[in-house]
Amino acid sequence: MYKEVLHFLKNSRHAYRNRQDIFHNGLADMAEWHYKHSIASDFDIDSFRHDYSKYWAQLSNGLKIPRIEQEYFYKINGIKSEAYLPYGIYYYLVNPYLNRWPFRRAYEEKNMFPVLLLLQLLDETVKIRFPRMVTNCINGKFFTWGGKQCSFSEAAGLLVDFHEDVIVKPTYDTWGNGVMKLKKEEINGDTLQKLLNRYGRNFLIQECVHQHPRMASFNNSSVNTLRVMTYYNSKGRYECLRTIQRFGGEGTVIDNASAGGGFVLVTADGKVQRTKYRMLSTHTETLPTQVTTDIPSYEMIIKATIELHKQLPHFDLVGWDIAVDREGIPVILEYNCVAPSLDLPQIAGGPLFSEEELQAIMPQVFAFKNTPHYFVNQLVWPDKPGYAWCDDYGFYI
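Scope of this entry: the structure provided in the associated data block. The written sequence of each chain sets the order in which its residues are numbered from 1. At least 70 in pLDDT is required for a residue's local features to be given in this predicted model, at least 80 for side-chain atom pairs to be given and counted, and no such filter applies to totals for whole chains, interfaces and linings, which use all residues. Only hydrogens and water are removed before side-chain values are computed, so all heavy atoms of the structure are retained for them.

## Side note on the overall build of the chain
Note the threshold: Put simply, DSSP marks the helices as runs of H or I at least four residues long and the strands as runs of E at least two long, and each gets a number from the N terminus on. Exposure classes here rest on a 1.4 Å probe applied to the protein chains alone. A residue is buried below 20% of its type maximum, exposed above 50%, and partly exposed in between. Residue contacts are counted whenever heavy atoms from the two residues lie within 4.5 Å of one another.
Within the chain, the regular secondary structure consists of 13 helices and 13 strands. Taking all 397 residues of the chain together, 56% fall into the buried category. Here the analysis covers contacts within the chain between residues at least 6 apart in sequence; of these, 64% occur between residues at least 24 apart.

## Topic: the sheet that holds strand β3 (residues 149-150)
Going by this rule: By this definition, two strands are paired if DSSP reports at least two bridges between them.
The six strands are arranged β3-β2-β1-β6-β4-β5 in an open sheet whose pairing can be described as antiparallel. Only two strands of the sheet have a single partner each, and these edge strands are β3 and β5 (180-182). Both strand β1 (residues 133-138) and strand β6 (residues 203-207) contribute to a ladder of four bridges, which runs antiparallel. What sits directly across from C137, in β6, is F203.

## A look at the state of the cysteines
Heads up, the condition is: Cysteine sulfur atoms that come within 2.5 Å of each other are treated as a disulfide pair.
Scanning the model with the defined rule gives zero disulfides in all. Free of any disulfide, C150 has its nearest neighbouring cysteine sulfur in C137, separated by 9.7 Å.

## A closer look at the nonpolar core
Condition: Working definition of a nonpolar core: buried Ala, Val, Leu, Ile, Met, Phe, Trp, Tyr and Cys residues. They are joined through side-chain atoms within 4.5 Å.
Grouped together as the largest cluster of nonpolar side chains are 54 residues, with contacts concentrated most on W56, L85, I89, V94 and F353. It is helix α5 (residues 87-98) that provides the largest number of residues to this core, a total of nine residues. If we skip the residues at most four places from it in the chain, L85 touches W56, E69, Y90, V94, L342, Q346, F353 and L358. One finds L122, A304, L312 and I332 within the second-largest nonpolar core, a separate group that totals 33 residues.

## So, the environment of I128
Position of I128 relative to the elements: it lies in the loop between α7 (113-116) and β1. Counting along the chain gives 200 residues from I128 to G328, while the straight-line C-alpha distance between them is 9.5 Å. Residues contacting I128, with those up to four places away along its chain left out, are L119, L122, A304, I329, P330 and I332.

What follows is the structure, given as structure tokens:
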């Protein structure tokens, strides 16, 4: 996604000559990118471009923020509110305040999840696990489950001897892209070399989780995951902000909501709401009656993700992707510790933050924006004057 955003910024109408340009023009262009990629084509964005939010002007030191998100989300879910978090404000201001972007590349490397998150520190009553790993390829080096380095031939043998279907995925920035399921009968002695040729120096091969029957009721072909958003709030407490159940379309392997699947809201007590949403659509449907009405092991999932969030002190807002295996044990497939998607939680459940919380954090957001950070004075592209910003206020180059 970030390469697409950079291409969009390069070809935007704005120049990026100094820090003020980066802030004001970058905020507008960031919002524009998300309008283009996150809003359904049947919604008339232009009708609200100059309808500026008085609510967000008060919260953001007078910035002119169009009421596009307020009207768009309301059209879909019927929840009217001025507190919907605008794309530009979230990605350009709020998220860099909550989460330390310079640390993202290491923390979001999927091969490193079992190293960074110590499940043994959880209360013994909390049952949660990672998928069984067949082998990891990290910077071109192969490792066994447990972190012991091995040779290519040993890793190839581990794959052949696994004798089960496996999931292969790149270890950075997937958004569902590049995820592949290999059936056990397709695996042979040449398979690992083919995967190395395709994925390069960083990928992983793990078990294909056999999900709980209630989770499979959403869609049988994909492993359907919960997106749990945990948050370290302004009062110094960790909480679950929202939970969304995602599911793939018929015949798909991934449950990514932008890849043909759908999503629903899960309430605080683990109940599945019956209104089904889709990305890039203003239309809703009702879940079929055979789909489960509640999420198995939900209380344990929330307890585990909140406790594990405490092991990620650089990140105050984290999105967890959790499956549930057939024994009812939650499985951590991955987490997003930089910019968890804003669309799904606000479409399904209304504004992400309460008005009280926004009043508490927005002054701190702007105070943080106005303090020096690791700004890099560097040309982004040769044919257009500009600066790279690769820390709290932008993208790695």
